[in-house]
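Report on the structure
So you can see what is in the structure, the chains are spelled out below.
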Amino acid sequence: MNCVEHCLPELELATGQVREALQSILHTILFLRAPGPVTPEDVHCEGFDFTYARIAQHDSATNATNAIMNAGTNATTVQPMIGSPDEKVDAAIEKLLQTL
């Protein structure tokens, strides 16, 4: 098997930049390892000069799917989609930051 290893230099960040750096890393990995075709979305980091690609959010498609699934139910019982890439990334970052 052909294996190439890339070693990146250590990254020194201010405390306020850690979450954004972790989001860029995890979203990039999810985008590159997506099992099917996905639409890219460029995100520019506010804390430092860096842009990364992530899986685009399709709010209109999600809203339409939720509307179809929740047809005939009370509007107060509508819950957001569980298991979206954003929720999974945020949960993983929270768990990591709690261990520090």
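For the structure, check the block above.
Summarised in this report is the structure supplied together with it. (Residues numbered from 1 in each chain as written. Predicted model: local features only at pLDDT ≥ 70, side-chain atom pairs only at ≥ 80, totals over all residues. Heavy atoms only, no water.)

As for the pairing of strand β1 (residues 40-44)
To keep it simple, the criterion reads: Only strands that DSSP links by at least two bridges are regarded as paired with each other. Numbered from the N terminus, helices here are DSSP runs of H or I no shorter than four residues, and strands are runs of E no shorter than two.
With five bridges joining them, β1 and strand β2 (residues 51-55) adopt antiparallel strand pairing. Paired with H44 across the two strands is T51, which belongs to β2. What sits between β1 and β2 in their antiparallel hairpin is a turn of six residues.

Observations concerning the pattern of salt bridges
Condition: Salt bridges are defined by distance alone: a side-chain nitrogen of Lys or Arg within 4 Å of a carboxyl oxygen of Asp or Glu. With a 1.4 Å probe rolled over the protein chains alone, any residue whose accessible area is under 20% of its type maximum counts as buried; one over 50% counts as exposed, and the rest are partly exposed.
Under the criterion given, the structure shown has two salt bridges. A salt bridge links R19 to E94; the nearest nitrogen and oxygen atoms lie 2.5 Å apart. In this pair, R19 sits in helix α1 (residues 18-32) while E94 sits in helix α3 (residues 85-99), placing the two residues 75 residues apart along the sequence. Accessibility expressed as a relative area gives 34% for E94, which makes it partly exposed. R54 serves as the salt-bridge partner of D86, at 2.5 Å between the closest nitrogen and oxygen. Residue D86 is found in helix α3, and its partner R54 is found in strand β2; the two are separated by 32 residues along the sequence. Each of the two residues, D86 as well as R54, counts as buried.

Quick word on α3
In plain terms, the rule: Here the expected length of a helix is defined as 1.5 Å per residue gap, with one fewer gap than residues. Relevant arc is that of directions from the helix axis to the C-beta atoms, nothing else. Should any heavy atoms of two residues lie within 4.5 Å, those residues are counted as being in contact.
The end-to-end C-alpha distance of α3, which contains 15 residues, comes to 22 Å, matching closely the 21 Å that a straight helix rising 1.5 Å per residue would cover. Here α3 has its buried residues at D86, V89 and I93. One face of α3 carries all of its buried residues, which in axial projection span an arc of 70°. Facing away from the buried side of α3, by more than 90 degrees, are the exposed residues K88, K95, Q98 and T99. Residues of α3 that are buried sit in contact with α1 and β2.

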